[in-house]
Amino acid sequence: MHCLDVANTETGKIWQRKPVPSSDDGLLVTISHNTGGSAFTTQNRLVRFVHIAWDPNGERLLAGDHFGNIYCFDTVKNRYDLLQRTGSACTALAFGLRRRTEYLVAMSDNSLKCFDTDTKELVSMMKGHESAIHSVSVHGSGRYALTTSNDISLLWELDTFTRKRKLNVRENVGILKVFFLPLSNVIMTCFKDDSIFAWEADTLQCKYQLPLPADTKPMYKAFATSRDGRYLVGGGKSQFLHVWTLDSKKLLRIIQLPDKVRIVKSLQFLPNKFDGGTSQIVGVLCQDGIERYINIHSCKLVFDIGDSTENRITQSRISSNGKYISAIHDNGSINMYSVPALTAELNRPPPPLVKIMNNDSDRKSRDDSGSTRSSARSGASAGSCRGSIRSRKTNTSTRDEILAEGVDKTRLMAILKGYGEFPAKYRMFIWRNLLKLPENHEAFSSLVDKGLHSSYSRIYEQYPIKSRKLLRVLQRFKLCDIYSQIPET
């Protein structure tokens, strides 16, 4: 585990060497801000971080402290920078604008400001709220943003930084949460009376209302949607999670949390690059400071982070690529966890379904008979002895060809040469054992961690791709391809 102190510095490295997650909890780095002692005391003062946000690529982390300093931690470039000194604490942060270098900061004076990470300058300031903004939701296109306070919610157009619509409610019913659904043009709203509505963003016409459990008052406080927008999870001042399927607009199931859980503070889905957006694991941050990650289908605990005594979590965010979990703890520091390390046990391939029976009694009888015959033919020539030694070596190498799972490579090669393919019924099982696929994260990560090969450092000159994202994908694929062909020494 590495500790980083950003005090008295405006830029620097996050890690001094290759980060290795802790074997206990997958912790990669602890980020803190300790100020020096004053003239009256020699003790350091810890400046607390209050809000964090990841960019859409899951590579850069924004963090704001209660002095109004905004930091950017780039995990790819291994660098952090002090972006702004706003002078007052922020109340919310958001990345994901159409211009990727811009980000939104909700200030304590009820205003919304847009800054640029490259120029470190103020782009625009928007006003309209009469109370503090507690949440900011950016549309998937990056052109619109929803800001919510206790009384109203405003829809902003980020190309011109102008207010597009104002969402009012009745005075006796306050707004709890307003956010965009992923991959759609739908706005979800939850009010303090626990009613949940879906609205068309362009016309603000009501599309549907979600049903609530009968004879219960959930008192919602947090919501989360899967990346494909098919599932909605809600929780509040109870030990129950409500899971809706938005395809049929029905309540799918209710998950009961442990008895010591009384309040659900926040919810967020854990992305997985191999699930196609159908996220199944949701992170539940509770009042005891522990964030539990639960499978919404099997209702089983996958892993948890935090401690209810010394390491309580107050806020957490998951990177969009599913590699990191950043969490603010009650002492004001930020812990960054490695998701692959936390889910190593989950991604382990299942045991094989077919086992080969080893008949030890037959082997023992053959060995005994062979030793008797060899003692009877003690005067055999040296050439025959050498021949028997070669035969034993051949048998040993043949046994080495058999995988631990019980699949014989020699027999599989004969089938492949004879038929040109494996049987369709057992094809998935065979390739899963041979290549350790799918979800062989360790092999893929080991190739990616080797870095960009020198042969493809200037691949953009040969293939001028406008999209940087596609160029990174191409570079990553080619380096995996070339490293997989280089024999390990």
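Residues numbered from 1 in each chain as written. Predicted model: local features only at pLDDT ≥ 70, side-chain atom pairs only at ≥ 80, totals over all residues. Heavy atoms only, no water.

### A word on the overall build of the protein chain
A count of helical and extended segments in the protein chain gives eight helices and 32 strands. Taking all 489 residues of the protein chain together, 43% fall into the buried category. Within the protein chain, residue pairs in contact and separated by at least 24 positions form 43% of the contacts whose partners lie at least 6 positions apart. About 27,700 Å² of surface is accessible on the protein chain, with carbon and sulfur atoms providing 51% of the total. (Helix = DSSP H or I, 4+ residues; strand = E, 2+ residues; numbered from the N terminus. Buried < 20%, exposed > 50% of the residue type's maximum accessible area, 1.4 Å probe, protein only. Contact = heavy atoms within 4.5 Å. Areas by Shrake-Rupley, 256 points an atom, 1.4 Å probe, with all protein chains shown as cover.)

### Quick word on unusual backbone geometry
Of note, Asn 8 is a non-glycine position whose phi angle comes to about 60°, a positive value. The exposure class assigned to Asn 8 is exposed, which follows from its relative accessible area of 77%. At Leu 204, a position not held by glycine, the phi torsion is positive, near 60°.

### Observations regarding the sheet that holds strand β18 (residues 175–180)
Across the sheet, which stays open at both edges, the four strands sit in the order β18-β19-β20-β21 with antiparallel pairing between neighbours. Where the open sheet ends on each side, the last strands, each with one partner, are β18 and β21 (206–209). Neighbour-to-neighbour, the strand axes of the sheet open up by a mean angle of 20°, direction not taken into account. Across three bridges, the pairing between strand β20 (residues 196–200) and β21 is antiparallel. Bridged to Ala 198 within β21 is Tyr 208. (Pairing = 2+ DSSP bridges. Axes fitted to C-alpha atoms, helices over the stretch in contact; angles between N-to-C directions.)

### Considerations on the nonpolar core
The tendency in soluble globular proteins is for nonpolar side chains to be buried as a group. Among the nonpolar cores identified, the biggest contains 20 residues, and Leu 4, Val 6, Ile 31, Phe 49, Phe 73, Ile 334 and Met 336 are the most heavily contacted of them. Elements that contribute at least two residues to this core include exactly β3 (27–32), β6 (49–54), β7 (60–65), β8 (69–74), β9 (79–85), β31 (324–329) and β32 (334–338). Excluding its chain neighbours within four sequence positions, the residues that come into contact with Phe 73 are Leu 4, Val 6, Ile 14, Ile 31, Glu 59, Arg 60, Leu 61, Ala 63, Arg 79 and Tyr 80. (Core = buried A, V, L, I, M, F, W, Y, C linked by side-chain atoms within 4.5 Å.)

### Points about the pairing of strand β12 (residues 112–116)
Of all five residues making up β12, five are buried, and the element is well covered by its neighbours. Burial along β12 is two-sided: Leu 112, Cys 114 and Asp 116 and Lys 113 and Phe 115, pointing in opposite directions, are all buried. Note: strand β11 (residues 102–107) against β12, five bridges, orientation antiparallel. Opposite Leu 104, over in β12, you have Cys 114 as the bridge partner.

### Quick word on the confidence of the model for the protein chain
On average, residues of the protein chain score 81 in pLDDT, and 79% of them reach the 70 mark or higher. Long-range and interchain partners of residues 38–42, a stretch whose pLDDT sits below 50, account for one contact in this model, where long-range means more than four residues apart. (pLDDT = per-residue confidence, 0-100.)

### Some points on a nonpolar patch on the surface
There is a patch of nonpolar side chains on the surface, built from Tyr 463, Ile 465 and Leu 470 and spanning about 280 Å² of accessible area. Here Leu 470 lies in helix α8 (residues 468–485). (Patch = residues over 30% accessible without salt bridge, like charges linked within 9 Å, V, L, I, M, F, W, Y side chains within 5 Å. Salt bridge = Lys/Arg side-chain N within 4 Å of Asp/Glu carboxyl O.)

### Describing the pairing of β32
Most of β32 sits out of view: five of its five residues are buried. Where burial is concerned, the two faces of β32 agree: the one with Ile 334, Met 336 and Ser 338 and the one with Asn 335 and Tyr 337 are both buried. The pairing of β31 with β32 spans five bridges and is antiparallel. When the sheet's bridge partners are listed, Ile 325 is paired in β32 with Tyr 337. The turn joining β31 and β32, which pair antiparallel and follow one another in sequence, is formed by four residues; a positive phi near 90° is taken by Gly 332.

### Examining the sheet that holds strand β1 (residues 2–5)
Taken together, the five strands give an open sheet; going across it, the order is β1-β3-β32-β31-β30, and neighbouring strands pair in mixed fashion. In the strand order of this sheet, the two ends are held by β1 and β30 (313–318), each with one partner. The sheet shows a mean angle of 20° between the axes of neighbouring strands, direction not considered. Bridge count for β3 against β32 is four bridges, and the pairing is antiparallel.

### Focus on the environment of Leu 416
Tracing the backbone through its elements, the reader meets Leu 416 in helix α4 (residues 409–419). Using a relative accessible area of 31% as the deciding quantity, one classes Leu 416 as partly exposed. Among residues more than four places away in sequence, those in contact with Leu 416 are Glu 421 and Phe 422.

### Some points on the pattern of salt bridges
Tallied over the entire structure, the rule returns nine salt bridges. Among the salt bridges present, the one from Arg 79 reaches Asp 81, with a minimum N-O distance of 3.5 Å. Of the residues examined, Arg 79 reaches a relative accessible area of 39% and is grouped as partly exposed. Its salt-bridge partner being Arg 143, residue Asp 159 comes within 3.1 Å of it at the nearest N-O pair. Of this pair, Asp 159 sits in the loop between β16 (153–157) and β17 (162–167) while Arg 143 is found in the loop between β14 (135–138) and β15 (144–148), placing the two residues 16 residues apart along the sequence. The exposure class assigned to Asp 159 is partly exposed, which follows from its relative accessible area of 26%. One network of salt bridges, in which partners are shared, links Arg 98, Arg 143 and Asp 159.

### Brief notes about the packing of aromatic side chains
Evaluated as defined, the whole model comprises 12 aromatic pairs. When the ring of Tyr 220 is compared with that of Phe 223, the centres are 5.2 Å apart and the planes differ by 50°; the resulting orientation is tilted. The exposure classification of Tyr 220 matches that of Phe 223, with both residues buried. Grouped by ring-pair contacts, the aromatic residues Phe 49, Tyr 71, Phe 73 and Tyr 80 constitute a single cluster. When the ring centre of Tyr 208 is taken as reference, the NZ or CZ atom of Lys 249 above it lies at 5.0 Å. (Phe/Tyr/Trp six-rings, centres within 6.5 Å; stacked < 30°, edge-to-face > 60°. Lys NZ or Arg CZ within 6 Å of the ring centre and 35° of its normal.)

### Let's talk about helix α5 (residues 427–435)
Every buried residue of α5 is listed here: Phe 429, Ile 430 and Asn 433. All buried residues of α5 fall inside an arc of 100° around its axis, so they share one side. (Arc of directions from axis to C-beta.)

### Some words on the side chain of Asp 65
For Asp 65, the location among the structural elements is in strand β7. In this structure, Asp 65 is buried with no salt-bridge partner, the nearest side chain bearing the opposite charge being Arg 85 at 7.7 Å. A distance of 3.4 Å separates polar atoms of two side chains, one belonging to Asp 65 and the other to His 33. Polar contacts involving the side chain of Asp 65 include one to the main-chain amide nitrogen of Gly 68, which spans 3.1 Å. (Lys, Arg positive; Asp, Glu negative; His and termini not counted. Polar contact = N/O pair within 3.5 Å; in protein donor to acceptor, adjacent residues only side chain to side chain.)

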